[in-house]
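Residue-level listing of the chains:
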Amino acid sequence: MTVILQPNHLSDVLLHTQHDREVIRMEVQSPSLVNLLFYGPPGTGKTTLMRVSALEALRFRGLVVQDHKEAVAWGNVFELDHNTGFSKAALDKALSRMMLATLSSVDRRFVLLDEADSIDPRSVNNVKKWLDRMSERDVQVFAATNHLDRIDPAIRDRCLLIHMAAFSQAQMLLWLTKQVNAAGLPVPDEVRAVDMVNRSGGSMRNLRQELQLYAFQCGAPTTPPPRLTILPGGQV
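Rules behind the numbers
Residues numbered from 1 in each chain as written. Predicted model: local features only at pLDDT ≥ 70, side-chain atom pairs only at ≥ 80, totals over all residues. Heavy atoms only, no water. Helix = DSSP H or I, 4+ residues; strand = E, 2+ residues; numbered from the N terminus. Contact = heavy atoms within 4.5 Å. Pairing = 2+ DSSP bridges. Axes fitted to C-alpha atoms, helices over the stretch in contact; angles between N-to-C directions.

Draft legend 1. Quick peek at the environment of valine 106. The topology assignment puts valine 106 in the loop between helix H4 (88–99) and strand E3 (109–113). Separated by 32 residues in sequence, valine 106 and tryptophan 74 place their C-alpha atoms 9.4 Å apart. The contacts of valine 106, once residues within four sequence positions are left out, are Leu58, Arg61, Gly62, Leu63 and Asn76.

Written out as structure tokens, the structure is:
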């Protein structure tokens, strides 16, 4: 069965405009440290984009890295979320980890804050000081939230805000078509494709699951069949 992998390159992530893509690419390639805060409704790809942005920055600096797990293993990326919490102890652990040398040839490091709206309002002062200390240590912070209104203004002011709005049916159909072709799957008819998009409820996370189910139902091979190229003279 074909496994639909998470995007690992910025070019593979569905964004509303090319301008959005270029803004993110500019900020992750910049020598200056700009923290990014991705916000928008659930399922629009904020966590994926946050992770891919870190990978994009590392590759720009010469690190050959395949995915998020490898970047974490190298010590270039550390992630906090609602499971680890955002307590002073959790923040101190991330800070201590970022003070260590990486195992890779690239020194730029990233801390990712997923579901940042779960930060306890009583911890805001700690988080503000922590963000400032991260900047002093050449650590870039990327955060994601479903609820921008729950993020303290002092934290928002320390970040560049990037809005991830819900995608239209047309945008999701286009993404679905590209993914089906890339995976070597049979192209679904229009009714089936629209039904997959509608069932996803506007969530890219759900649409990816719909695509995985479609791949399972197709019983597609693990790798797509090779494509033949007809050369001049009729040679294959």
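There is more to say, and it comes next.
Draft legend 2. Up close: the sheet that holds strand E1 (residues 36–39). Sheet architecture is open: five strands sit in the order E2-E3-E4-E1-E5, paired in parallel fashion. The sheet terminates laterally at strand E2 (77–80) and strand E5 (160–163), the two strands that pair on one side only. Neighbour to neighbour, the strand axes of the sheet diverge by 20° on average, direction disregarded. By the bridge criterion, five bridges tie E3 to strand E4 (residues 139–145) in an arrangement that is parallel. Residue pairing for E4: arginine 109 is matched across the bridge by valine 139.

Draft legend 3. The pairing of E1, seen in detail. Across four bridges, E1 lies against E4 in parallel orientation. Each bridged residue has a counterpart across the sheet, and for phenylalanine 38 the counterpart in E4 is alanine 144. When E1 meets E5, the two strands line up parallel, connected through four bridges. Paired with tyrosine 39 across the strands is histidine 163, a residue of E5.

This is a description of form; function is not addressed.
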